[in-house]
Amino acid sequence: MDTALLSKSEQILAEVKEIYTVEDTEGIKYGLVKVGEFVNTLEEYLSTDRARQRQKSSEPPPKIYPPSKFLTVMLIGNHSSGKSTFINWYVGATPEVQKVGEAATTSAFHFVQHGKARKSYDKEAALELYPVLYDKLFKRTNPKTGKKTFPDIEKYFYVEIVPERNRSFPVVDFVDTPGMTDEKSDYHFEVEDVILEMAQHKADLILVFLDPRGQAFCQRTIETAAKLFQIVPEKVKVFLSRADECKSDNDLQQCLVQMSTALTVKVTKLGHSLPTTFGIPALYKPDPSNATTRANAIHAVCEDIDKQVDRKVQRNIEHFKTDHALLVERIKEIDAKDKQAGKARLVNGLSSALIFQVILFTLLLAFTDLFKAQVQDLFGFHKDACAATDVPLQTMTSMACFLFKFSAVVGATNLFYTAAVGVLTLVIFRFAAGNQKVLNADQRKKLRNVQQYLEKTLAERKGTIIEDLRSESVNTDDR
Ligand SMILES: Nc1nc2c(ncn2[C@@H]2O[C@H](COP(=O)(O)OP(=O)(O)OP(=O)(O)O)[C@@H](O)[C@H]2O)c(=O)[nH]1
Ligand SMILES: [Mg+2]
């Protein structure tokens, strides 16, 4: 990573993301996403407690998602309320990234994010850049019908990568949404449902734009905003946009009261109330040629975005710490389960094979004279010798010659029987060892490597990142 041009926040966000996604062909570093998949595979293979628990509750194996290195700011609002204009102003790119105009302009979801070079993606390629959304939105199906919940949604996703470094744009990912009108037929998909999904799974901050001119079209925006206050109240900020167009301060106040009342009514209908800090600040695009002195919240929005970036950095570190700790724990469980399974297999196998041998030996001794004679011959004692007082000594000497005599006593037929009994013993060993699986040499080696990587390399890196964050806070406080 070239860190020369990066701010500390940008650096930490990028580093945490890299920890999740790095792919190292030499097998020295392991992205946590891949480690998660590997751990899932081993848990399923060894049928650990976690895997069985999941099976019982029909839960899929957990998927690890890399935390985004961008703060996602989603803009929603009436059509022509100035959403795209705000993004263009913040990014400051020439030519502008988003199209603007008085007619309904944005009819799809446009992600505008920082990158090394200007690039555009659309359709599935665009959604693939957002793995959480890809899984939660694009791939999601209705369990009853098996049909996609949001059919063709990928047709309405675009990503614009822009190299601009103005304000905090390098760490901000804007989502420009289709302008709202009260005509449902204006959309090819359930815009509101997609916005609510994104609010839960993607957006960190949601800016709702209501413009004075669009009061007639407000209903849909107000309804959606009310629902957002119901599900993610901490993320929502409402603004009266294009405030410079209000003819007088009186008009502006009237607009604010109307909007505030409409929103309060909707939120109350949903059985909720607006946050105590709720207010609708007015904002507009600064225009040097316009001498208006009206208060403009646009700079406060920028400060708020900066604050949210700091929180995002902390959240991502927490996210990493939690995933790291859980993976270390799960790997320890896998290791313990493998050792326990290996031990159980050996004990079961050996004890069953031994019991089989003892039974076989006893039976042969009891029922076959030939075997009896051979055993007596092997161990060098006969009925007469048994009567002698030096039997133990004689037996011990004979035991020492066991192998030598064995080859003489055991003929070809007996050798065949011995082999057969040997194979049978092995079969019994294998059978008695049970179906409990243990890791093979390759799996065990990789597990050891991953464990070492997590417990040593990543643990050290975690310490450095936390230290970096601390020193950054100290520097910021000093300023
Ligand atoms: N005076 C003034 N005009 C603005 C402001 N913001 C946007 N506009 C104008 O309003 C029109 C609509 O702006 P857009 O940014 O396209 O609005 P939008 O919300 O993206 O519209 P849709 O994409 O249709 O939803 C454009 O002509 C802008 O130039 C503002 O703060 N003040
Ligand atoms: Mg637009």
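Residues numbered from 1 in each chain as written. Chains lettered and ligands numbered in written order. Predicted model: local features only at pLDDT ≥ 70, side-chain atom pairs only at ≥ 80, totals over all residues.

Colleague: An account of the pairing of strand 2 (residues 109–114) is needed here, citing residue identities and associated values.
Modeller: With respect to burial, strand 2 is a largely interior element, six of its six residues being buried. Side chains Phe109, Phe111 and Gln113 of strand 2 all project onto a buried face; the interleaved residues His110, Val112 and His114 project onto the opposite face, where all are buried too. Two elements, strand 2 and strand 4 (residues 157–162), share six bridges in a ladder whose sense is parallel. In the strand pairing of strand 4, glutamine 113 is matched with isoleucine 161. (Buried ≥ 20, exposed ≤ 12 C-beta atoms within 10 Å, placed from the backbone. Helix = DSSP H or I, 4+ residues; strand = E, 2+ residues; numbered from the N terminus. Pairing = 2+ DSSP bridges.)

Colleague: Describe the environment of lysine 332, with residues and values.
Modeller: Mapped onto the secondary structure, lysine 332 falls in helix 10 (residues 298–367). Taking C-alpha positions, lysine 332 is 8.3 Å from glutamine 451, a pair spaced 119 residues apart along the chain.

Colleague: Describe the site of ligand 1, with residues and values.
Modeller: Lining the immediate environment of ligand 1, one finds 20 residues, of which Gly82, Ser84, Thr85, Thr106 and Gly179 sit closest. Here the shell around ligand 1 takes three residues from helix 4 (residues 83–91), the largest share from any one element. Each residue belonging to the shell around ligand 1 can be placed in one class, and the counts come to three nonpolar, 11 polar and six charged. (Near = placed C-beta within 6 Å. Nonpolar A, V, L, I, M, F, W, Y, C, P; charged D, E, K, R; others polar.)

Colleague: Please provide a residue-by-residue account of helix 9 (residues 249–269), values included.
Modeller: With 21 residues, helix 9 extends 30 Å between its outermost C-alpha atoms, agreeing within 8% with the 30 Å of an ideal straight helix rising 1.5 Å per residue. For helix 9, the set of buried residues is Cys255, Met259, Leu263, Lys266 and Val267. What you see down the axis of helix 9 is that its buried residues fit within an arc of 95°, all on one side. Looking at helix 9, the residues exposed on the side facing more than 90 degrees away from the buried face are Asn250, Gln253, Val257, Thr261, Val265, Thr268 and Lys269. Contacts made by the buried residues of helix 9 are with strand 6 (205–210), helix 8 (218–231) and strand 7 (236–240). The positive-phi residue at the C-terminal boundary of helix 9 is glycine 271, with phi of around 80°. (Expected span 1.5 Å × (residues − 1). Arc of directions from axis to C-beta. Contact = placed C-beta atoms within 7 Å.)

Colleague: Can you lay out the packing of helix 6 (residues 131–138) against helix 7 (residues 191–201) for me, pointing to particular residues and giving the numbers?
Modeller: Interaxial distance between helix 6 and helix 7 falls to 11 Å at its minimum, and their mutual angle equals 140°. One finds that helix 6 runs oblique with respect to helix 7. As helix 6 packs across helix 7, the resulting crossing turns out to be right-handed. Facing helix 6, whose interface residues are Val132, Leu133, Lys136 and Leu137, helix 7 presents Val194, Glu197, Met198 and His201. Broken down by class, the residue content of the contact of helix 6 with helix 7 amounts to five nonpolar, one polar and two charged. (Axes fitted to C-alpha atoms, helices over the stretch in contact; angles between N-to-C directions. Parallel < 35°, antiparallel > 145°, perpendicular 65-115°, else oblique. Left-handed = near helix turned anticlockwise from the far one by under 90°.)

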